[in-house]
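# Structural features, examined
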Amino acid sequence: MQYAVFDTAWGVFGFVAQDQRLVATLLPRPRREITAAIRASWPEAVEAQHSLPRFQRDIVAYFEGKPVHFSVDIDVSAMPPFHRLVLEACRRIPYGRTASYGDLARAVGKLSAARAVGGAMAHNPLPLVVPCHRVLRSDGSIGGFSSPRGVAEKLRLLRLENVSLHLPADGSSVDATTAAG
């Protein structure tokens, strides 16, 4: 098991990989926090700064605002089967687009499982690569985001991808539609 931490325009990003397959990604935050989180969850991981160089270049480009499709292999084998299905469906949401929790439930053949999809998103070990920030509630409101910076980070990521967000004056919900329609 290997890990790398590196600088992006938004701060230090980290990831853990095994056999050239991503196991986890950590959104930008201070280097000491990223390193501590990796060491706590994967104490056997060794630092390999040059691991997955194409993926590292793609991450840097993403945080510079460039549309990126992450083609890196992932390993979600430790996740329950339903979660794996949801994560794979979420991974197909293109850059700059959004889907609802219900859309993902339908994509995995579980029409009434929108709430369970939300649970799967809350346990996503690969933010950005599995773009859970692109998943909204069916009414267009933002929903949750289980990163250290919460919904504010989800909004920032959506804005980076040029997703139009319409914030009501009272702040009660967020209606999100993609710039592409």
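The structure displayed is predicted, hence computed values, not measured ones.

## Some points on the sheet that holds strand β1 (residues 2–8)
Taken in spatial order, the four strands make up an open sheet running β3-β2-β1-β4, and their pairing is mixed. Edge positions in the sheet fall to β3 (21–29) and β4 (46–47), since each has one partner strand and no second. Relative to strand β2 (residues 11–18), β1 is paired through seven bridges, and the arrangement is antiparallel. Each bridged residue has a counterpart across the sheet, and for V5 the counterpart in β2 is G14. Packed onto the sheet, helix α2 (residues 53–63) meets β1, β2 and β3 and runs at close to 30° relative to β1.

## What about the environment of P131?
Summarising the element assignment, P131 is placed in the loop between α5 (114–122) and β6 (135–136). Residue class for P131 comes out buried when judged on its relative accessible area of 1%. Placed 66 residues apart in sequence, P131 and G65 show a C-alpha to C-alpha distance of 15 Å. In contact with P131, other than residues within four places in its own chain, are C90, R91 and I93.

## A few points about the confidence of the model for the chain
Residues of the chain with pLDDT of at least 70 account for 91%, and the chain-wide mean is 89. By mean pLDDT, strand β8 (residues 175–178) is the weakest element of the chain at 36, and α2 is the strongest at 98. Scored below 50 in pLDDT, residues 168–181 makes 32 contacts in the model with residues more than four places away or belonging to other chains.

## As for the nonpolar core
A general feature of soluble globular proteins is that nonpolar side chains tend to end up buried together. Counting 44 residues, the largest nonpolar core has F55 and M121 as its most contacted members. Those elements giving two or more residues to this core turn out to be β1, β2, β3, α2, α3 (81–91), α4 (101–107), α5 and α6 (150–160). When residues in this core are grouped by element, the largest group, five residues, is from α2. Apart from residues lying up to four places away in sequence, F55 is in contact with F13, F15, L22, T25, F70, V72 and V129. Residues V5, V12, V16 and W42 belong to the second largest nonpolar core, which totals 11 residues.

## Structural notes on unusual backbone geometry
A positive phi is found at Q20, a non-glycine position, where the angle reads about 65°. Among the structural elements, Q20 can be located in the loop between β2 and β3. With a phi close to 50°, L52 is a non-glycine residue in the positive phi region. Within the secondary structure, L52 is located in the loop between β4 and α2.

Cut-off values and rules
Residues numbered from 1 in each chain as written. Predicted model: local features only at pLDDT ≥ 70, side-chain atom pairs only at ≥ 80, totals over all residues. Heavy atoms only, no water. Pairing = 2+ DSSP bridges. Helix = DSSP H or I, 4+ residues; strand = E, 2+ residues; numbered from the N terminus. Contact = heavy atoms within 4.5 Å. Axes fitted to C-alpha atoms, helices over the stretch in contact; angles between N-to-C directions. Buried < 20%, exposed > 50% of the residue type's maximum accessible area, 1.4 Å probe, protein only. pLDDT = per-residue confidence, 0-100. Core = buried A, V, L, I, M, F, W, Y, C linked by side-chain atoms within 4.5 Å.

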